[in-house]
Amino acid sequence: MSETGQRGEPRELRVKPIRNGTVIDHIAGGQALNVLKILGISGTTDATVSVVMNVESGKLGKKDIVKVEDRELLEEEVNRIALIAPAATINIIRDYEVIEKRCVDLPEEIVGVVRCQNPSCISNTSEPIRSRMLVKAKNPVLLRCLYCEQPLTDKIADYLI
Ligand code: CTP
């Protein structure tokens, strides 16, 4: 890593490298808090979590970064991130080294993450039924409720459970 930026200014590290854990990089600008929601990380977490929002990125214009220390996130956990951040990369860090780098890829079905937008859907009643969304297309994302077949494509972040 060079010590100066493009115009020769000192290159500033906003968040220091982590020793162990997971770095989710290349999140579309402004989506970091939704990524935390999908991962089930809330204000009561014990984990050390760093969030960087709206930093310059060559590929994305602006990007967000989330670093979760001392936790290696599983593929099933992180793949759901593709719902709102399809360009995200997952970096597993051990002893300061990136030992694994992968892209996110939506599974065929998403359970308990996104609410159906049909208020009369059985998954929105007091029945103990978890939402089940089939992934019909990945780019752009098109979900379809397994129970009532209601599609969901826009504003998926608004329907995160
Ligand atoms: N990172 C970190 N702690 C480390 C190593 C890496 O927080 N000990 C972060 C980096 O800051 C970066 C991400 O993990 O946000 C990926 O690191 P690296 O592969 O070294 O960076 P790039 O080559 O820029 O990644 P890419 O090619 O995916 O853009």
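Residues numbered from 1 in each chain as written. Predicted model: local features only at pLDDT ≥ 70, side-chain atom pairs only at ≥ 80, totals over all residues. Heavy atoms only, no water.

A. Representation of the overall build of the protein. A tally of regular secondary structure across the protein gives two helices and nine strands. Secondary structure of the protein in N-to-C order comes out as β-α-β-β-α-β-β-β-β-β-β. Taking the principal axes of the C-alpha coordinates as reference, the protein spans close to 55 × 30 × 25 Å. Partitioning the intrachain contacts of the protein with sequence separation of at least 6 by distance along the chain shows that 58% fall at a separation of at least 24. Accessible surface, the protein: about 9900 Å² in total, of which carbon and sulfur atoms supply 46%. For the protein, the centre of its 22 positive side-chain charges and the centre of its 23 negative side-chain charges are spaced 3 Å apart. (Helix = DSSP H or I, 4+ residues; strand = E, 2+ residues; numbered from the N terminus. Contact = heavy atoms within 4.5 Å. Areas by Shrake-Rupley, 256 points an atom, 1.4 Å probe, with all protein chains shown as cover. Lys, Arg positive; Asp, Glu negative; His and termini not counted. Charge placed at Lys NZ, Arg CZ, Asp CG, Glu CD.)

B. Molecular detail of the site of the ligand. Near the ligand, the surroundings consist of Pro 17, Ile 18, Val 23, Asp 25, His 26, Lys 67, Asn 91, Ile 93, Tyr 96, Val 98 and Lys 101. With respect to the ligand, the backbone of Tyr 96 contributes an N or O atom lying 2.9 Å from a nitrogen atom. Protein burial of the ligand: of its 600 Å² of free accessible surface, 63% is covered by the chains. Elements with a contribution of two residues or more to the shell around the ligand: strand E1 (21–28), strand E4 (89–94) and strand E5 (97–103). It is E1 that contributes the most residues to the shell around the ligand, three residues altogether. (Near = heavy atom within 4 Å. Polar contact = N/O pair within 3.5 Å; in protein donor to acceptor, adjacent residues only side chain to side chain.)

C. Layout of the domain arrangement of the protein. Taken domain by domain, the protein holds domain 1 (12–103) and domain 2 (109–159). The interface formed by domain 1 and domain 2 holds zero salt bridges in total. In this assembly, domain 1 and domain 2 are joined by zero residue pairs in polar contact (both at pLDDT 80 or more). (Domains from an automatic or database assignment. Salt bridge = Lys/Arg side-chain N within 4 Å of Asp/Glu carboxyl O.)

D. Structural view of the pairing of E4. Among the six residues of E4, five are classified as buried, and the element is accordingly described as predominantly covered. Relative to E4, E1 is paired through five bridges, and the arrangement is antiparallel. When the sheet's bridge partners are listed, Ile 24 is paired in E4 with Ile 90. Looking at chain direction, E4 and E5 are connected through six bridges and run antiparallel. Of the residues in E5, the one forming a bridge with Ile 92 is Glu 100. Counting the residues that bridge the hairpin from E4 to E5 gives two residues, and of these Asp 95 lies at a positive phi of roughly 50 degrees. (Buried < 20%, exposed > 50% of the residue type's maximum accessible area, 1.4 Å probe, protein only. Pairing = 2+ DSSP bridges.)

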